[in-house]
Every structure is written in C-alpha cells, then in structure tokens.
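# Geometric and topological summary
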Amino acid sequence: MFTDLLAQHFVHTALLAGAVVAVVSGAIGIFVVTRGASFAVHAISELGFTGAAGALVIGIDPVIGMIGGSLVVGLVLGVLSLRGRERDSAIGAVLAFGLGVGVLLLSLYHGYATEATNLLFGSIVGVSDRQLLELTIVALIVTAGLAAIYRPLLFSSVDPEVAAARGVPLRAMSIAIFLLLALTTAEAIQVVGVLLVLTLVITPAAAAQRLTARPGLALVLSIAIALAATEGGILLSLAQPWPTSFFISAISFAVYVAARVVKRT
Amino acid sequence: MSAVVSVEALGLRFDQRILWEDLSFELQPGEFLAVLGPNGTGKTSLIRILLGLLEPSAGRVLVNGGPPHEGRQHVGYVPQQRAFDRDLALRARDLVRLGLDGHRWGNGRLSSEERARIDRAIASVGASDYADAPIGRLSGGEQQRLRIAQALVADPALLLADEPLLSLDLAYQHTITGLLDERRRTAGTPVLFVTHDINPVLGLVDKVLYLAPGSWAIGAPDEVLTSETLTQLYGTDVDVLRVRGRVVVVGTPDDQHVHHVDHDH
C-alpha cells in the first residue's frame, strides 16, 4: 500500500512542493529568529488567511489573495520597523482584527468548507503541477533576494547600531526581510496551513541556533531540519492516515526538543 | 597635517529646542577628544552627524576631507555594551567580520588576506582565546574588546566611541581605553569619545568638548573642567573638585554629574 502510494504522481508533486517550501522557510527562519520576529510570522500568516478568504468570496484564486494579504502586512511591519514591546502589541492588535475580518469573509463564502479547512491546516497532497510551478517561482525569488542581501541583512539583524554606522540601510533591510517573509509565509501556508506556519519558519531555525553558533552552518541546519520535517511528515502521512501537518509539526518539534537537550557544538 | 574631522559653525535643533549653535572644532591625527555633558545635550547626535546618519540644522562637517556619509567606510564605531541573545548564532569572529564586510552585498567568501586581517584584529585586542565562542555567551567586557576589534578591522582613519565603558567594571574600563589609546598612538587614528564620566579617560584626553544645555566649551581638560567654565556654561554655581586625581563635578542643575562621584563601583 505504502509503496503503491510512492509511485503515484500526486505524491511526487507533494514531496517536491514540500522540499521547495522547506528550503525557503528554513532559510528565512534564521533571520526571523535572530530579529525576534516570530510573532510577526504569525500575524503575516493569519492576514494571509484573511486575504485568501476575501479571494474566495470574490471568486478568485485564494493563493493570490493570500500572497496579497501577507505582502500588505509584511510591508506595513517592515515600514514601521517597530521594536520590542511596541511591536508586539501593534502586531497583536492588527492580527486580531485581521482574523476577525477573515471570519466574516468565510461566513459570506458559500463554497466548499474544505477550502477554508485547507487554508487553516494545509493540503500538501492536493498540490497541482501548476501550483508546484508557482511555488518554485516564488521560492526562487525569495532565495535570490536572501542571497543578494545576506550580509547586510545579517548585520542589521544581529547588530543594528553598528550596521547603521557602517552604512547599512536599516529600514530598507527591514522592509526587504518582511516582504520576503510574506512570500515565504504564503508558500508555507499551502503546505502546513495558516495555523502551523511557525512549525516550518520558526522551529527549525530555533533548533539550528541551539546546535551551532556559526551563522552559515545555522542556515544550512535550519534548511535541513525543515526539509526532514516536511518530507518525513508527508511520507508518514502516507503510511498512517493522520494529517500531514501533524507529522510535520511533530518532527520539527522533536528536533527542537533534542537540540535543546544536546550540547551545542 | 590636515584635520581628520572639521566641524564649522554646526547647529542642531529638534523642533524648537536648540541643542547647540555655532559649534566649531577640529580633530587632528592622534588626538583624543572626550565629549562630556548631561543627557539630552546631543552627544550621540554629534556622533550620528559625523557618521552622516543625521543632518545638522546648520554648519559644515568634513570627515577625512569629505562629507560624512562618503567617509563612513573609514570610520570605526564603538557602541555601548548591550546584551546579545545567549542563543544567537554568531561567533565572536563573525561579529568582527561584519565590521569588515557586513555592509557589502551577497554572502561573500573571505579571502585568506581578509581572514588573516580578522585574526590580527582579534589578536590585537587579546581576544584570540575566545574568537570562536558564541558572542552571547561572553561577558560584557569580552564583548567590548571584540567591539574594538570590529571597529579596527577595517583600518579606520577615525574612531567614534559612544559610551563604550558603560556597565563595564574598572579593570575592563582600563583595558578598553588602553586599546583605543594604543591605536591612536601607533596609527595616529584620532578618537572621539562620548562619555558621561571623564575619569576613566582623564589621563588620555587632549581635549574636552563639554556640551551643556544650550551652550558648549572646548579646550584642554584643565581649561574646560574648572568651576569658572562650568559655572559660565550652566549659568549657575558649579564646583569642579579634584579629589585624589579624579574630577568631581558638583552642583549642575540636573544633578547628572552625581555619576562622576558614584560611578566607581
């Protein structure tokens, strides 16, 4: 049964889509964790949901609405460049209202309820070839963006004061990372759903940070953990018909707990 | 030799509040200038102007013969000590490296020459033993040593330090001021040192720029740190006492300078 499934085209598509999303999520997660912006990921993802719900109501592709919603929030957060407690409360306020609007939009939508469930909890095994192509294109954009600004982004994330003194434009970096994060989040939603985006964007990076202090190696480990969780989660859900998102979050969390226990190299 | 910093008729105001007017001074190679004064008199703003991060309201500033933002790459900046996250994926040497190439695009590979340069900078501040330690696990004093290495690694023509001794114990205060002093003696790099307490650098400074609310004075420490000068600056009776080779300022209206007395902890 399991080996039969492995031969199926939809399984291959799911594994490929999962890999694409895992790579960008793991990579951007390092910067998100370094900047202490985990809560922002949650906000971007829930507003992505609002965007998707809006798209369903007016009858367009929910992925478009999701990317739109995420980008708007990402842009606002990037431009405001808030820090600390002010950022936390601002995000909390925006997130709550955005989700409220999402609930209203869903109540206005009279289509299949599964669409909404898929948004919230993910639907990796339903990815089409066209979706895979879209995911890949967006992932390439994010990867190219991260590669281009890697050093100044790292500098502004870990040491903003000196970075500014050396001429790194802090606000531009903030806008760039939040826009790239918005695109990544819109990707991750399609695999694990709105409510579980953190399991791919935050958990692997947090675990990687516990394992090494080398910035480059932490990035590679974060990607590796995200990949292992996603691919492992998809395969396990073929063998045991529980939700894929559960398995992904379970593997990712297990690695995180292990990383907290073992000593850092 | 020509001045490394030349400030002419500089004025700074925020809204209606005038911080200073007609401020002029020069910094020659090898000079050590301490910038003193209570909070809110624009000490940090002066550094930001010299870095080209803040536009003065009036006057002209030249750094290395050009406008400040053009000279940024030849300026070493040492901020006050601040805590890094314990789990931050960044080693001591990574922090120093960012001072060399953190402002450049891409992720960049280090040449062997650059690698050697980073090692030399770390060795010059006596931090080789913990060069590969995670930055968040080092003490405040160790971190400040690395801050000096970070500022020196790009071979600066000017050093700007903003309260670099804050929250350091006396032994480390000596180490840090000693490292700055060594640099200006061996390489002729002038140092502009913002501090609320003159005593740790009293034996090193050539000139003191005293910023008081609405006025300023510049000159040798013995000229500026006198009861007459400060009384005139504040417009109220201020006493400058010399106690066991230390300067104690008593009677400033805001009592900021109580710090001069009790900072020795």
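Residues numbered from 1 in each chain as written. Chains lettered and ligands numbered in written order. Predicted model: local features only at pLDDT ≥ 70, side-chain atom pairs only at ≥ 80, totals over all residues.

### Quick look at the overall build of chain B
Condition: Only runs of H or I of at least four residues qualify as helices and only runs of E of at least two qualify as strands under DSSP, and these elements are numbered from the N terminus.
Regarding its fold elements, chain B presents 9 helices and 11 strands. For chain B, the spread of C-alpha atoms along the principal axes amounts to about 60 × 40 × 35 Å.

### Quick word on the environment of Asp239 of chain B
The line we're drawing: Note on contacts: residues are paired as contacts if their backbone-placed C-beta atoms lie within 7 Å.
With respect to the helices and strands, the residue Asp239 of chain B is situated in strand S10 (residues 239-243). If sequence neighbours within four positions are ignored, Asp239 of chain B has contacts with Ser227, Val250 and Gly251 of chain B.

### Considerations on the confidence of the model for chain B
Low-pLDDT portions of the prediction should not be read for the details of their coordinates. Residue and element names in this part refer to chain B. Cut-off, in case you're wondering: pLDDT measures how confident the predictor is about each residue, on a scale from 0 to 100.
Residues at a pLDDT of 70 or more form 95% of chain B, whose mean pLDDT is 92. Of all helices and strands in chain B, the one with the weakest mean pLDDT is helix H9 (residues 258-262) (42), whereas strand S7 (residues 191-194) scores best (98). Taken together, the stretch residues 257-265 has pLDDT below 50 and engages in 11 contacts with residues farther than four places along the chain or on a different chain.

### Observations concerning the sheet that holds strand S8 (residues 207-212) of chain B
Residues and elements named next belong to chain B. We apply this condition: One bridge is not enough; two strands pair if DSSP finds at least two bridges between them. Where helices are involved, their axes are fitted lines through C-alpha atoms of the stretch in contact, as for all axes, and angles between N-to-C directions lie from 0 to 180°.
Strand order across the open sheet formed by 6 strands is S5-S6-S7-S3-S8-S9, with mixed pairing between neighbours. Of all the strands in the sheet, just strand S5 (75-78) and strand S9 (215-219) have a single pairing partner and so form its edges. Strand-to-strand, the axes of this sheet are offset by a mean angle of 15 degrees, without reference to chain direction. As judged from the 4 bridges shared by strand S3 (residues 32-36) and S8, these two strands associate in the parallel manner. In the sheet register, Val35 faces S8, and the bridge partner there is Leu209. The sheet strands contacting helix H5 (residues 140-152) are S5 and strand S6 (158-162), and the helix crosses S5 at an angle near 165 degrees. Those strands touched by helix H6 (residues 170-187) are S3, S6 and S7, and its axis lies near 165 degrees from that of S6.

### Examining helix H12 (residues 203-211) of chain A
All names here are of chain A. Where we set the bar: In this scheme every C-beta is placed from the backbone, and a residue whose C-beta has 20 or more other C-beta atoms within 10 Å is buried, one with 12 or fewer is exposed, and one in between is partly exposed.
With 9 of its 9 residues buried, H12 lies for the most part within the structure. Taken together, the buried positions of H12 are Thr203, Pro204, Ala205, Ala206, Ala207, Ala208, Gln209, Arg210 and Leu211. At its buried positions, H12 is contacted by helix H2 (9-34), helix H11 (197-201), helix H13 (215-239) and helix H14 (244-261).

### Details of the interface of chain B and chain A
The following threshold applies: When residues are sorted by character, Ala, Val, Leu, Ile, Met, Phe, Trp, Tyr, Cys and Pro go into the nonpolar class, Asp, Glu, Lys and Arg into the charged class, and all the rest, Gly among them, into the polar class.
With 25 residues of chain B in contact, the opposing surface of chain A contributes 26 residues. Among the elements that take part in the side of chain B that touches chain A, helix H3 (residues 92-101) of chain B stands out by supplying 5 residues, more than any other. In terms of residue class, the side of chain B that touches chain A is made up of 11 nonpolar, 8 polar and 6 charged.

### Topic: the environment of Ile223 of chain A
All names here are of chain A. Among the structural elements, Ile223 can be located in helix H13. A tally of 22 C-beta atoms within 10 Å means that Ile223 is categorised as buried. Spatially, the C-alpha atom of Ile223 lies 25 Å from that of Leu47, the residues being 176 residues apart in sequence. Excluding anything up to four places from it in sequence, Ile223 contacts Val23, Gly26 and Ala27.

### Examining the pairing of S6 of chain B
All names here are of chain B. For clarity, the cut-off: Here a crossover is taken to be right-handed if, once the strands point away from the viewer, the path from the first strand over the helix to the second is traced clockwise.
Across the 5 residues that make up S6, a large majority, 5, are buried. Burial along S6 is two-sided: Leu158, Leu160 and Asp162 and Leu159 and Ala161, pointing in opposite directions, are all buried. Direction of pairing for S6 relative to S7: parallel, over a ladder of 4 bridges. Across the sheet, the residue bridging to Leu160 is Leu192, located in S7. Where the polypeptide runs from S6 across H6 and back to S7, its parallel neighbour, the crossover connection is right-handed.

### Some words on the sheet that holds strand S1 (residues 5-14) of chain B
Residue and element names in this part refer to chain B. Strand order in the open sheet formed by 3 strands is S2-S1-S4, and the pairing between neighbours is antiparallel. The open sheet is flanked by strand S2 (17-27) and strand S4 (58-63), the only strands paired with a single partner. Put simply, the sheet's adjacent strands are angled 25 degrees from each other on average, direction ignored. Relative to the sheet, helix H1 (residues 43-50) contacts S1, S2 and S4, its axis offset from that of S4 by approximately 60 degrees.

### Concerning the environment of Leu106 of chain A
Residue and element names in this part refer to chain A. Here Leu106 shows up in helix H5 (residues 84-108). Judged by C-beta crowding, with 20 C-beta atoms within 10 Å, Leu106 ranks as buried. Each C-alpha atom of the pair Leu106 and Val261 lies 42 Å from the other, and the pair is 155 residues apart in sequence.

### Points about the pairing of S8 of chain B
Residue and element names in this part refer to chain B. Of all 6 residues making up S8, 6 are buried, and the element is well covered by its neighbours. The side-chain alternation of S8 yields two buried faces, one formed by Lys207, Leu209 and Leu211 and the other by Val208, Tyr210 and Ala212. Alignment of S8 against S9, held across 5 bridges, turns out to be antiparallel. Along S9, the bridge assignment pairs Tyr210 with Ala217. Remark: 2 residues form the turn of the hairpin made by S8 and S9, two consecutive strands paired antiparallel; Gly214 in that turn has positive phi of roughly 85 degrees.

### So, unusual backbone geometry
Residue and element names in this part refer to chain B. Residues other than glycine seldom take positive phi values, yet Glu163 does so here, at roughly 50 degrees. Structurally, Glu163 can be placed in the loop between S6 and H6. Even without a glycine there, the phi angle at Arg244 is positive, about 45 degrees. Locating Arg244 in the fold gives a position in the loop between S10 and strand S11 (246-250).

### Quick word on the packing of H2 of chain A against helix H7 (residues 129-148) of chain A
Residue and element names in this part refer to chain A. For the record, the criterion: By the definition adopted for this analysis, an angle is roughly parallel if under 35 degrees, roughly antiparallel if over 145, roughly perpendicular if from 65 to 115, and oblique otherwise. Note: crossing handedness is left-handed where the near helix turns anticlockwise from the far helix by less than a right angle, and right-handed where it turns clockwise.
Two elements in contact, H2 and H7, have axes whose closest approach is 10 Å; the angle formed by their N-to-C orientations is 20 degrees. Classified by the angle their axes make, H2 and H7 are roughly parallel. The way H2 lies across H7 gives a crossing that is left-handed. Contacts between H2 and H7 involve Thr13, Leu16, Ala17, Val20, Val21, Val23, Val24, Ala27 and Ile28 from the former and Asp129, Gln131, Leu132, Leu135, Thr136, Ala139, Val142, Thr143 and Leu146 from the latter. Of the residues assigned to the contact of H2 with H7, the class counts are 13 nonpolar, 4 polar and 1 charged.

### As for helix H3 (residues 38-58) of chain A
Quick note on the threshold: The span you would expect from a helix comes to 1.5 Å times its residue count less one.
The end-to-end C-alpha separation of H3 of chain A is 31 Å, in line with the 30 Å expected for 21 residues at 1.5 Å each. Of all the 21 residues making up H3 of chain A, 17 are buried; the element is thus mostly covered by neighbouring parts of the structure.

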